[in-house]
Amino acid sequence: MIVKTFADFDLKQIAASGQCFRLEEAAPGRFNLLASDRYLEILDMSARQDIPGAEPSRTYGFSCTEQEFEEFWSPYFDLSADYGAVKRLVPERDRYLRNAVSFGGGIRILRQDLWETMVTFLISQQNNIPRIRRCVRLLCENYGNTVIDLSGQTHYGFPGPDKLASVSEDELRNCSLGYRAKYIRKTARDVSDGSLCLEAFRHMDYATAREALMSCYGIGIKVADCICLFALHHIEAFPIDTHIRQVLEREYPKGFPVSDYNGCAGILQQYIFYYELFHSAI
DNA sequence: CTGCAGGCGTGCC
DNA sequence: GGCACGCCTGCA
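Residues numbered from 1 in each chain as written. Chains lettered and ligands numbered in written order. Predicted model: local features only at pLDDT ≥ 70, side-chain atom pairs only at ≥ 80, totals over all residues. Heavy atoms only, no water.

So the rule is basically this: UniProt positions are given in the numbering used here, feature names are shortened, and annotations may be inferred rather than shown by experiment.
Looking at an unreviewed UniProt entry, one finds chain A named DNA-(apurinic or apyrimidinic site) lyase and attributed to Lientehia hominis. Listed in UniProt under the heading Catalytic activity (unreviewed entry), the comment for chain A reads: "2'-deoxyribonucleotide-(2'-deoxyribose 5'-phosphate)-2'-deoxyribonucleotide-DNA = a 3'-end 2'-deoxyribonucleotide-(2,3-dehydro-2,3-deoxyribose 5'-phosphate)-DNA + a 5'-end 5'-phospho-2'-deoxyribonucleoside-DNA + H(+)".

Digging into the protein's contact with DNA strand B
Our working definition: We call a residue near a molecule or strand as soon as one heavy atom of that residue lies within 4 Å of the molecule or strand. By the criterion applied in these results, polar contacts are pairs of N or O atoms within 3.5 Å in which, for protein atoms, one can donate a hydrogen and the other can accept it, and in which residues neighboring in sequence qualify only through two side-chain atoms. The helix count covers DSSP runs of H or I at least four residues long, the strand count covers runs of E at least two residues long, and both are numbered beginning at the N terminus.
Near DNA strand B you find 22 residues, and of these Gly18, Phe121, Tyr179, Lys222 and Val223 are the closest. Across the atoms of DNA strand B situated within 4 Å of the protein, the share located in sugar and phosphate is 58%. In this structure, Gln126 approaches DNA strand B through a side-chain N or O atom, which is 2.9 Å from a base nitrogen. Of all elements in the fold, only α5 (114-124) and α12 (221-230) reach the threshold of two or more residues within the surface near DNA strand B. Top contributing element to the surface near DNA strand B by residue count: α12, with 5 residues.

A closer look at the nonpolar core
The line we're drawing: What makes a nonpolar core is a set of buried Ala, Val, Leu, Ile, Met, Phe, Trp, Tyr and Cys residues whose side-chain atoms join them at distances within 4.5 Å. Burial classification: accessible surface area is computed with a 1.4 Å probe over protein chains only, and a residue below 20% of its type maximum counts as buried, one above 50% as exposed, and the rest as partly exposed. The contact criterion used is simple: two residues touch if any of their non-hydrogen atoms lie within 4.5 Å.
With 70 residues, the main nonpolar core has Leu139 and Phe256 as its most contacted residues. No other element matches helix α14 (residues 265-278), which puts 8 residues into this core. Setting aside chain neighbours within four positions, we find Leu139 in contact with Val119, Ile123, Gly144, Phe158, Pro159, Leu164, Leu172, Cys175 and Leu177. Counting 22 residues, the second-largest nonpolar core is a separate cluster that includes Leu23, Phe31, Ile42 and Tyr76.

Describing empty space enclosed by the protein
Going by this rule: The method works on a 1 Å grid over the protein atoms by themselves. A cavity is a set of points holding a 1.4 Å probe that cannot get out, a pocket is an open set with protein on both sides within 12 Å along at least five of seven lines, and residues with an atom within 4 Å of a point line them. Grid points are joined across faces, edges and corners, and a volume is the space filled by probe spheres set on the points. Polar here means any residue outside two lists: the nonpolar Ala, Val, Leu, Ile, Met, Phe, Trp, Tyr, Cys and Pro, and the charged Asp, Glu, Lys and Arg; Gly therefore counts as polar.
Counting across every chain of the model gives 1 cavity of 30 Å³ or more. Along its surface, the largest cavity is lined by Gln19, Cys20, Phe21, Arg22, Gln112, Glu116 and Thr120. Across the lining of the largest cavity, the residue classes tally to 2 nonpolar, 3 polar and 2 charged.

Considerations on the layout of surface pockets
In this approach, a probe sized like a water molecule rolls over the atoms, and the result shows the empty space that is left. A volume near 550 Å³ is recorded for the second largest pocket. In terms of lining, the second largest pocket is formed by 27 residues, of which the most central are Ser124, Asn127, Lys222, Asp241 and Phe273. Breaking the lining of the second largest pocket down by element, the ones donating at least two residues are α5, α6 (129-143), α12, α13 (242-251) and α14. With 5 residues, the top contributor of residues to the lining of the second largest pocket is α12. A class-by-class count of the residues in the lining of the second largest pocket yields 11 nonpolar, 14 polar and 2 charged.

Points about the side chain of Arg108
For clarity, the threshold we go by: None of His or the chain ends enter the tally, which takes Lys and Arg as positive and Asp and Glu as negative. For salt bridges, the criterion is a side-chain nitrogen of Lys or Arg within 4 Å of an Asp or Glu carboxyl oxygen.
Residue position: Arg108 is located in the loop between α4 (95-103) and α5. The charged side chain of Arg108 is buried without a salt bridge, its nearest counter-charge being Asp8 at 4.6 Å. A distance of 3.0 Å separates a polar side-chain atom of Arg108 from the backbone oxygen of Ala7. Separated by 2.7 Å, the side chain of Arg108 and the backbone oxygen of Asp8 make a polar contact. Not counting chain neighbours up to four residues away, the residues in contact with Arg108 comprise Ala7, Asp8, Phe9, Ile14, Gln19, Phe77, Asp78, Leu79, Ala81 and Tyr83.

Comments concerning the packing of aromatic side chains
Put simply, the rule is: For Phe, Tyr and Trp, where Trp contributes only its six-membered ring, two rings pair if their centres lie within 6.5 Å, and the inter-plane angle classes them as stacked under 30 degrees, edge-to-face over 60, or tilted in between.
If you walk through the whole model with that rule in mind, you get 24 aromatic pairs. Between the aromatic rings of Phe103 and Tyr275, the centroid separation amounts to 5.5 Å while the plane-to-plane angle is 70 degrees, which identifies the pairing as edge-to-face. Linking Phe103 in helix α4 with Tyr275 in helix α14, this pair joins segments that are 172 residues apart in sequence. The class of Tyr275 is buried, set by a relative accessible area of 10%.

Re the sheet that holds strand β4 (residues 38-44)
Threshold: Strand pairing requires that DSSP identify at least two bridges connecting the strands. For helices, the axis comes from a line fit to the C-alpha atoms of the stretch in contact; other axes are also lines fit to C-alpha atoms, and the angle between any two N-to-C directions lies between 0 and 180 degrees.
Reading across from one edge, β1-β5-β4-β3-β2 is the order of the 5 strands in this open sheet, with antiparallel pairing throughout. The sheet terminates laterally at β1 (2-7) and β2 (23-27), the two strands that pair on one side only. Strand-to-strand twist in this sheet, taken as the mean axis angle between neighbours without regard to direction, amounts to 30 degrees. Looking at chain direction, strand β3 (residues 30-35) and β4 are connected through 6 bridges and run antiparallel.

Shown next as structure tokens:
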């Protein structure tokens, strides 16, 4: 286990922010995370002091080697980016956004696996977070590789395109995917037979990637933007769901000032999403 | 019982 | 371009 401290990094907030459905707080201060076939345990070692507006700096123990952390997990959590600089772009007069940023200041935009993100956000349409988690869990338990952790516990990786291409639509429906099963099956088959090349997406700019994603069966504007933001790290992507749409109508009737945020408006979208989900509940 | 949750495809204009 | 409508499922 290695121990590290970071500013603007709070896993509790990230786990609740709805960008990753395989990061969960299994017990207070104990997190489990699966990314494809990798498993990571994270232990919150900071004394939790929830001072409103305080710099969210936290210390965590990670169940991996220094090398794995530097090579995989640090980029995954986007730890080398300066989120303080993003927050400072929010002008004092925008009270709403200042509050949102201070409330969810530990959020970062993860760099998740492209295939996994495509499937989980296909599942997310017309769906709610607990049910999305359940669908993803069933998919992994039924078709994913087993991953054994250091204490001998079994976890399940995310099934790859070849595996899901071999599963019938009816079997997929057993994971309570509903009508989304045919979207996932077709996408899996397209990737598996080579007619859809995921590697190509990595070399595209935002507009090109978005358009290419939207040409996939079952992927529309909202899901394409989520994939651009959470997997391809196009931080200018600003996914608008029914929830965010209501906020924009209420707080920004003249439109969200995208141009104030030189290509990183998507990060602000996450602060807003998290703020709307939880601030009234406290 | 209806309505709806982090939409999208289809058919129509 | 815009706008209906249906779609799986679980939960209020």
